[in-house]
Amino acid sequence: MSAPLLVVEQLAKRYQLPRQSLLSRAPEVQALAGVSFTLQAGQSLGVVGESGSGKSTLARLVMALEPPSAGRVLLRGADLHQLDAATLRRTRSQLQMVFQDPYGSLDPRRTVLQTVAEPLAVLLGAGRAEQRERAAEVLAAVGLGAADLQRLPHEFSGGQRQRIAIARALVTRPSLIVADEPVSALDVSVQAQVLNLMQDLQDQFCVTYLFISHDLAVVDRVCDQVIVLHEGRIVEAGSPAALFTRPAHPYTQRLLAAVPGSAWRRT
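These figures come from a predicted structure and were not determined experimentally.

(A) Highlighting the pairing of strand S7 (residues 176-180). Within S7, 5 of the 5 residues are buried, leaving the element largely enclosed by the surrounding structure. Neither face of S7 is open: one carries Leu176, Val178 and Asp180, the other Ile177 and Ala179, and all of them are buried. In terms of strand pairing, strand S6 (residues 95-98) meets S7 through 4 bridges, oriented parallel. Following the sheet pairing, Val98 is matched in S7 by Ala179. Where S7 meets strand S8 (residues 208-212), 5 bridges bridge the pair, whose relative direction is parallel. Along S8, the bridge assignment pairs Leu176 with Thr208. The β-α-β motif built from S7, the intervening helix H6 (residues 188-205) and the parallel element S8 has right-handed crossover chirality.

(B) Quick peek at helix H9 (residues 250-257). Every buried residue belonging to H9 is among Tyr251, Thr252, Leu255 and Leu256, and all of these are buried. Down the axis of H9, the buried side of the element spans an arc of 140°, and every buried residue falls inside it. Contacts from the buried residues of H9 go to helix H7 (216-222), strand S9 (225-230), strand S10 (233-238) and helix H8 (240-243).

(C) Region of the structure containing the pattern of salt bridges. Taken as a whole and assessed by the stated rule, the structure comprises 8 salt bridges. Asp107 is paired through a salt bridge with Arg109; the nearest N and O atoms lie 3.2 Å apart. Judged by its relative accessible area of 24%, Asp107 falls in the partly exposed class. Using a relative accessible area of 71% as the deciding quantity, one classes Arg109 as exposed. For the salt bridge of Glu137 with Arg173, the shortest nitrogen-to-oxygen distance reads 2.7 Å. Residue Glu137 is located in helix H4 (residues 128-141), and its partner Arg173 is located in the loop between helix H5 (158-170) and S7; the two are separated by 36 residues in the primary sequence. When salt bridges with common partners are traced through the structure, they connect Asp148, Arg151 and Glu155 into a single cluster.

(D) A look at the sheet that holds S9. Taken in spatial order, the 6 strands make up an open sheet running S6-S7-S8-S3-S9-S10, and their pairing is mixed. Lying at the two open borders of the sheet, with one neighbouring strand each, are S6 and S10. With direction set aside, neighbouring strand axes in the sheet form an average angle of 20°. Relative to S9, strand S3 (residues 44-48) is paired through 4 bridges, and the arrangement is parallel. What sits directly across from Leu45, in S9, is Gln225. Running at roughly 155° to S7, helix H1 (residues 55-62) makes contact with S3, S6, S7, S8 and S9 of the sheet. Strand contacts of H9: S9 and S10, with the helix running at about 100° to S9, the strand carrying the most contacts.

(E) Representation of the sheet that holds strand S1 (residues 6-16) within the structure. Ordered in space as S2-S1-S4-S5, the 4 strands form an open sheet in which the pairing is antiparallel. Edge positions in the open sheet fall to strand S2 (28-39) and strand S5 (78-79), since each of these has one partner strand only. Here S1 runs beside S2; their pairing, made up of 8 bridges, is antiparallel. What sits directly across from Arg14, in S2, is Gln30. Sheet strands in contact with H1 are S1, S2 and strand S4 (70-75), and its direction is about 115° off that of S1.

(F) Up close: the environment of Leu216. When you line up the elements, Leu216 lands in helix H7. Leu216 sits in the buried class, given a relative accessible area of 5%. C-alpha of Leu216 to C-alpha of Glu28: the two residues are 188 residues apart in sequence and 30 Å apart in space.

Cut-offs and rules
Residues numbered from 1 in each chain as written. Predicted model: local features only at pLDDT ≥ 70, side-chain atom pairs only at ≥ 80, totals over all residues. Heavy atoms only, no water. Buried < 20%, exposed > 50% of the residue type's maximum accessible area, 1.4 Å probe, protein only. Helix = DSSP H or I, 4+ residues; strand = E, 2+ residues; numbered from the N terminus. Pairing = 2+ DSSP bridges. Right-handed = clockwise from strand over helix to strand, strands pointing away. Arc of directions from axis to C-beta. Contact = heavy atoms within 4.5 Å. Salt bridge = Lys/Arg side-chain N within 4 Å of Asp/Glu carboxyl O. Axes fitted to C-alpha atoms, helices over the stretch in contact; angles between N-to-C directions.

Read these as layout, nothing more, since geometry by itself doesn't imply function.
As structure tokens, this is what we get:
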């Protein structure tokens, strides 16, 4: 087997809370504690857990948006948190992110062309002709047209806005996309369309997903492997088929029990 695309080793993150008094020591909260996993190129790894379990903190550390308190994040063998600023800037073209809110993640004053092409200009120094060509290409891949390049975000539906956000993430041809609750803000019918799109794009662009969600049905549908986070620690890991039909950890069992109905589960 080839070397994994992403390796996370003993990742930990502690945050300081405000002091209770001038002379007291600032308390700390442990958001992540000893999280380790590997992700092969072309696969999808789901990260599930309740709010506060550490999912979004993990996303920020993998994206090198915050430094860890301990541990390493290796992308193709390079420790992202040990790279100098210039090298990290170049490396960012290989890892992109899709956020939860398609309304808040797009600048309402910028056209679709400006939004989608921005990573090309900032990270790769592409000229205007190349920006427009590649923006039109990825926009077509997500089901929108070249005529949409000059439109503003308010002219699109929520599902279309998330397609634009996905196009922006794809435009640099990244190896890894971190998708943080990418469909939770969408209507159920639109969720299915966006998930189908993301699966199709994975095959077309050979992209790898780190897929963060509280929705077990979504993860069951799109992910090859799953890790379950609880209070910043991995309590269970495996395939969706195994975890969602024969959960071993009591926390995973409680997550499954909290899902209304069971029609989505694998049999």
